[in-house]
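Each chain is listed here by its residues.
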Amino acid sequence: EVNRRLASFSGRDRSFTAPVEVNALLQEVVEKMTPVAQKHSMALEVSPMSRRIYLMGVRFQLMEAIENVLLNAIESYDGAPGRITIQAVLKRRRVSSPDALQSVEMYQAVQITIADSGRGMAGEVVAQAFEPFFTTKQSSESLGLGLPVALGIVQAHGGEIRLASKRGKGTTVKMFLPAYTMPAVGGAAGVEKRRKSPPRMKPASVLVVDDEPDIL
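Below: a short report on this structure. What you see is a predicted model; the values in this text were computed from it and never measured.

### As for the pairing of strand 6 (residues 160–166)
(1) Moving on: Two strands pair when backbone bridges link them, and strand 6 and strand 7 (residues 170–180) are joined in this way by seven bridges, in the antiparallel orientation. Within the sheet, the bridge partner assigned to leucine 163 lies in strand 7 and is valine 173.

### Details of a nonpolar patch on the surface
(1) Moving on: On the surface, Val206, Val208 and Leu216 cluster together into a nonpolar patch covering about 340 Å² of accessible area.
(2) Moving on: Secondary-structure assignment places valine 208 in the segment after helix 6 (188–194).

### Quick notes on the packing of helix 2 (residues 22–39) against helix 3 (residues 59–75)
(1) Moving on: The interhelical angle for the contact between helix 2 and helix 3, taken along N-to-C directions, is 40°, at an axis separation of 10 Å. By the angle between their axes, helix 2 is oblique relative to helix 3. Once helix 2 is placed against helix 3, the crossing between them reads as right-handed. Along the contact surface, helix 2 presents Ala24, Leu25, Leu26, Glu28, Val29, Lys32, Met33, Val36 and Ala37, while helix 3 presents Arg59, Leu62, Met63, Ile66, Glu67, Leu70, Leu71 and Ile74.
(2) Moving on: In terms of residue class, the contact of helix 2 with helix 3 is made up of 13 nonpolar, no polar and four charged.

### Brief notes about the packing of aromatic side chains
Note on aromatic pairs: each is described by the distance of the centres and the angle between the planes.
(1) Moving on: Counted by the stated rule, this structure contains zero aromatic pairs.
(2) Moving on: The residue whose ring lies beneath arginine 93 is phenylalanine 176, and the NZ or CZ to ring-centre distance is 3.7 Å.

### Structural notes on the side chain of glutamate 160
(1) Moving on: As for its placement among the helices and strands, glutamate 160 is situated in strand 6.
(2) Moving on: With relative accessibility at 8%, the residue glutamate 160 sits in the buried group.
(3) Moving on: Within the local environment of glutamate 160, its side chain forms a polar contact with the side chain of arginine 93, the two groups lying 3.4 Å apart.
(4) Moving on: A polar contact of 3.3 Å, which involves the side chain of glutamate 160, links it to the side chain of tyrosine 107.

### So, the side chain of threonine 113
(1) Moving on: Along the chain, threonine 113 falls in strand 5 (residues 106–116).
(2) Moving on: In this structure the side chain of threonine 113 is engaged in a polar contact, spanning 3.0 Å, whose partner is the side chain of glutamine 111.
(3) Moving on: In this structure threonine 113 touches Thr85, Ile86, Gln87, Thr172, Val173 and Lys174, once residues within four positions along its chain are discounted.

Rules used throughout
- Numbering of residues starts from 1 in every chain and runs along the sequence as written.
- Side-chain atom pairs in this predicted model are given and counted only at pLDDT of 80 or more, local residue features only at pLDDT of at least 70, and totals for whole chains, interfaces and linings cover all residues.
- To obtain the side-chain values, all non-hydrogen atoms of the structure were included, while hydrogens and water were left out.
- Paired strands, as defined in this entry, are two strands with at least two bridges between them according to DSSP.
- Every helix listed is a DSSP run of H or I at least four residues long, and every strand listed is a run of E at least two residues long, numbered separately from the N terminus.
- Grouping into patches uses exposed residues only, defined as over 30% relative accessible area, and leaves out salt-bridged ones; the cut-off is 9 Å for like charges and 5 Å for nonpolar side chains (Val, Leu, Ile, Met, Phe, Trp, Tyr).
- To be clear on the numbers: accessible area is Shrake-Rupley with a 1.4 Å probe, and residue cover counts the displayed protein chains and nothing else.
- Here a salt bridge means any side-chain nitrogen of Lys or Arg lying within 4 Å of a carboxyl oxygen belonging to Asp or Glu.
- Angles shown run from 0 to 180 degrees and are taken between the N-to-C directions of axes, each axis being a line fitted to C-alpha atoms and, for helices, limited to the stretch in contact.
- Each angle gets one of four labels, with under 35 degrees taken as roughly parallel, over 145 as roughly antiparallel, 65 to 115 as roughly perpendicular, and the rest as oblique.
- If you view the pair so one helix is near and one far, a crossing is left-handed when the near helix is turned anticlockwise from the far one by less than a right angle, and right-handed when it is turned clockwise.
- By definition, residues are in contact when any of their heavy atoms lie within 4.5 Å.
- Gly counts as polar in this scheme, as do all residues outside two lists: the nonpolar Ala, Val, Leu, Ile, Met, Phe, Trp, Tyr, Cys and Pro, and the charged Asp, Glu, Lys and Arg.
- Pairing of aromatic side chains here covers Phe, Tyr and the six-membered ring of Trp, requires ring centres within 6.5 Å, and sorts the geometry by plane angle: under 30 degrees stacked, over 60 edge-to-face, intermediate tilted.
- Lysine and arginine charges are scored as sitting over a ring when NZ or CZ, respectively, is within 6 Å of the ring centre and within 35 degrees of the ring normal.
- For every residue, the accessible area (1.4 Å probe, protein chains only) is compared with the maximum for its type, and the residue is labelled buried under 20%, exposed over 50%, or partly exposed between those bounds.
- Here a polar contact means two N or O atoms within 3.5 Å. Within protein one must be a hydrogen donor candidate and the other an acceptor candidate, and residues neighboring in sequence count only if both atoms are side-chain atoms.

Laid out in C-alpha cells, this is it:
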C-alpha cells in the first residue's frame, strides 16, 4: 500500500489516460465517500459545473486525489457533525511553473474547491502538510501520505494545488487542473446533404489490437 501510494505521489504511473468528465467524476467520488462521511455525521454538498467540461488524465488517480482531500476534511471535525462543500468552476489560470504546460503562460483550468469548517491547521502544520509521512494523527494506521499523494497526482496532470487553513476556522483546498477540449465532431448529415456525389477518399488502414474476441 505504501509503495502504491508513493508511485502515485511520484506521478510516474500515467497508464489509462483518457478524457474524464468533471461532473461525472465528482458524482462518483461523492457516491463512494458518502458512507464514510455519514459514519462521521458529515454531509457532502456538491456544486457541479454548469456544462460538460473534461480533464485529460487517469480517472482512478484523479478520484484518489479528491478522496484524500475529502478524508482529511472529514477527519478535521473530530467526530462533531458538520458539512463539507465541493465546488467545480472553470477558471483562467496563469502557470506558476514554466515546465508545467509546455511553457504556456495562461490556460483554462478546472478549479475544484473542497472547504470545511473543522478544526483547521496551525501555520507550521500547513507548511508541512504536503510532506510525505508527515501526520498529526495519533492512529498508527495513518501513513501521512493523503495530501502528498493528492499533490503528486495533481502535479502529474499538469495542475496545481493550494491549501489555506486557520486554526479553529477550517481548511480550504483548491485543485487546479487543465481543462481538456474534446475534438469537435462534424455533422455528417449536413455534409452529405450539400454533396451531390460521394467524395473521393484515399484508402486508409485501421489497426485494432485486442485479445477479446467479442471486441474484435
